[in-house]
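Structural overview for review
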Amino acid sequence: MSSQPPIGQIHSRIRNAPGVPVIRNINWGGLRTLYIKEVRRFFKVQLQTIWAPAITTLLFLIVFTVATGAKRPVLVGGETVTFADFIAPGLIISQGMMGPAFANASFSLLVGKIQGTIVDYLQPPLSTMELLTALVGGAVTRAAIVGFVVWLAMVAYPGVHVTPHAPLAILWFGLLGTLFLSFLGVLTSIWAEKFDHAAAVTNFVVTPLALLSGTFYSVDRLAPAFRAFSHANPFFYIISGFRYGFLGVADSPIALGSLVVLGIDVVLGLACYLLLKRGWRLKN
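Because the structure is predicted, anything quoted here is derived from the model rather than measured.

When you go through the protein chain residue by residue, the secondary structure sums to 12 helices and 2 strands. Starting at the N terminus and walking to the C terminus, you meet the elements of the protein chain as α-α-α-β-β-α-α-α-α-α-α-α-α-α. Dimensions of the protein chain along its principal axes, counting C-alpha atoms only, are 90 × 40 × 35 Å. In the protein chain, buried positions account for 45% of the 284 residues. Restricting to contacts in the protein chain with at least 6 residues of sequence separation, those with at least 24 account for 78%. Each charge sign in the protein chain was given a centre, from 20 positive and 10 negative side chains, and these centres are 10 Å apart.

Pasting the structure below:
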């Protein structure tokens, strides 16, 4: 007797006929797998990727509030707030969220190029958009975790009030800011050929823009030339909008800042997509 199963059973085991693609539209399984891989990667070294930036951000808060006075008045949007309440939201978004987002996004592809494992990202059946979504999603997740940890610590810190005033503004500008640095990190990892290149972008682009964005001071008190430079800095609009979510006041119009940062995010996201699709410095 034949040991082969009946023809009906054979047909029931065939999901797609030969030549018919199994994956249609979006490869949700592959996207989820790569996203989980990115999240697990930074969780394996969470002492460095989560707790270290959180502690560094809290040290900034402690040093500046002790040195200048936590209750020193600061004028923001025509209203006076304490210095501790003014500086806390800016530290959460700039040091606690955007920095880790850039670090995470600028690491994966760069390490793949250096170690020769870039095929692990290029060979799976993932579209360019799915690859970019997983990389950026992992960076945004890390930023959200670090930001939440910092916020919880600031809630318990005496003299600082970080009760949300407009939660939607916090979520919106938090998302815009982390997407901005995530896209910039992906562009850096595509362009860079060694860790020194990524460190150069961090030291000469990200850090200066973060420190000169109004995190530690109100731009209204600057000289006209420096005030104009601050208003040309995308970090300024992100921090101002995020601060509005906690204080209800801001240094700039919220709608204008939202449109500016959203436009930059769209341009950077499109640039990432096109470069990944071409395989520039990845497939060569």
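We are not done yet, so read on.
This brings us to the packing of aromatic side chains. Applying the stated criterion across every chain yields a total of 9 aromatic pairs. Ring centres of Phe236 and Tyr237 lie 5.1 Å apart, and the angle between their planes is 70°; on these two criteria the pair is classed as edge-to-face. Every member of this aromatic cluster is reached through a ring pair, and the members are Phe60, Phe64 and Phe216. One cation-aromatic arrangement involves Arg72 over Phe83; the distance from NZ or CZ to the ring centre is 4.6 Å. Sitting over the face of the ring of Phe86, Arg243 holds its NZ or CZ atom 3.8 Å from the ring centroid.

Glancing now at helix H12 (residues 254-278). For H12, with 25 residues, the first-to-last C-alpha span of 36 Å sits near the 36 Å given by 1.5 Å per residue. By the burial criterion, the buried members of H12 are Gly257, Ser258, Val261, Asp265, Leu268, Gly269, Cys272 and Leu276. Looking at the buried residues of H12, the elements they touch are helix H5 (108-115), helix H7 (128-156), helix H8 (167-191) and helix H11 (234-247). Backbone geometry just after H12 places Gly279 at a positive phi near 75°.

With burial as the criterion, only one face of strand E1 (residues 73-76) is covered, namely that bearing Val74 and Val76; the residues Pro73 and Leu75 on the opposite face remain uncovered. Here E1 runs beside strand E2 (residues 79-82); their pairing, made up of 4 bridges, is antiparallel. When the sheet's bridge partners are listed, Val76 is paired in E2 with Glu79. Hairpin connection, E1 to E2: the antiparallel pair is bridged by 2 residues, and Gly77 has positive phi, about 55°.

Take the layout of surface pockets next. The volume enclosed by the largest pocket comes to roughly 740 Å³. In terms of lining residues, the largest pocket is bounded by 31 residues, among which Gly99, Pro100, Ala103, Arg142 and Thr202 are the most central. Of all the secondary structure elements, the ones that give two or more residues to the lining of the largest pocket are helix H2 (28-44), helix H3 (46-68), helix H4 (83-105) and helix H9 (195-211). Considered class by class, the residues forming the lining of the largest pocket number 19 nonpolar, 10 polar and 2 charged. Its boundaries defined by the atoms lining it, the second largest pocket holds a volume of some 380 Å³. Lining the second largest pocket are 16 residues, and of these Met97, Ala144, Ile170, Leu171 and Phe242 lie nearest its centre. Of all elements in the fold, only H4, H7, H8 and H11 reach the threshold of two or more residues within the lining of the second largest pocket. Looking at the lining of the second largest pocket, the element that brings in the most residues is H8, giving 6 residues. Its residues placed into classes, the lining of the second largest pocket shows 13 nonpolar, 3 polar and no charged.

Time to look at the pattern of salt bridges. One pass over the structure, following the stated rule, counts 4 salt bridges. A salt bridge links Lys37 to Glu38; the shortest N-O distance between them is 3.9 Å. Look at Lys37 and you get partly exposed, because its relative accessible area is 40%. Asp251 is the salt-bridge partner of Arg243, the closest N and O atoms lying 3.5 Å from each other. Assessed through its relative accessible area of 1%, Arg243 is described here as buried. Residue class for Asp251 comes out buried when judged on its relative accessible area of 11%. Look at the salt bridges and you will find they share partners, linking Lys37, Glu38 and Arg41 into a network.

The rules behind each value
- Residues numbered from 1 in each chain as written.
- Predicted model: local features only at pLDDT ≥ 70, side-chain atom pairs only at ≥ 80, totals over all residues.
- Heavy atoms only, no water.
- Helix = DSSP H or I, 4+ residues; strand = E, 2+ residues; numbered from the N terminus.
- Buried < 20%, exposed > 50% of the residue type's maximum accessible area, 1.4 Å probe, protein only.
- Contact = heavy atoms within 4.5 Å.
- Lys, Arg positive; Asp, Glu negative; His and termini not counted.
- Charge placed at Lys NZ, Arg CZ, Asp CG, Glu CD.
- Phe/Tyr/Trp six-rings, centres within 6.5 Å; stacked < 30°, edge-to-face > 60°.
- Lys NZ or Arg CZ within 6 Å of the ring centre and 35° of its normal.
- Expected span 1.5 Å × (residues − 1).
- Pairing = 2+ DSSP bridges.
- 1 Å grid on protein atoms, 1.4 Å probe; cavity = no way out; pocket = protein on both sides within 12 Å on 5 of 7 lines; lining within 4 Å.
- Points joined across faces, edges and corners; volume = space filled by probe spheres on them.
- Nonpolar A, V, L, I, M, F, W, Y, C, P; charged D, E, K, R; others polar.
- Salt bridge = Lys/Arg side-chain N within 4 Å of Asp/Glu carboxyl O.

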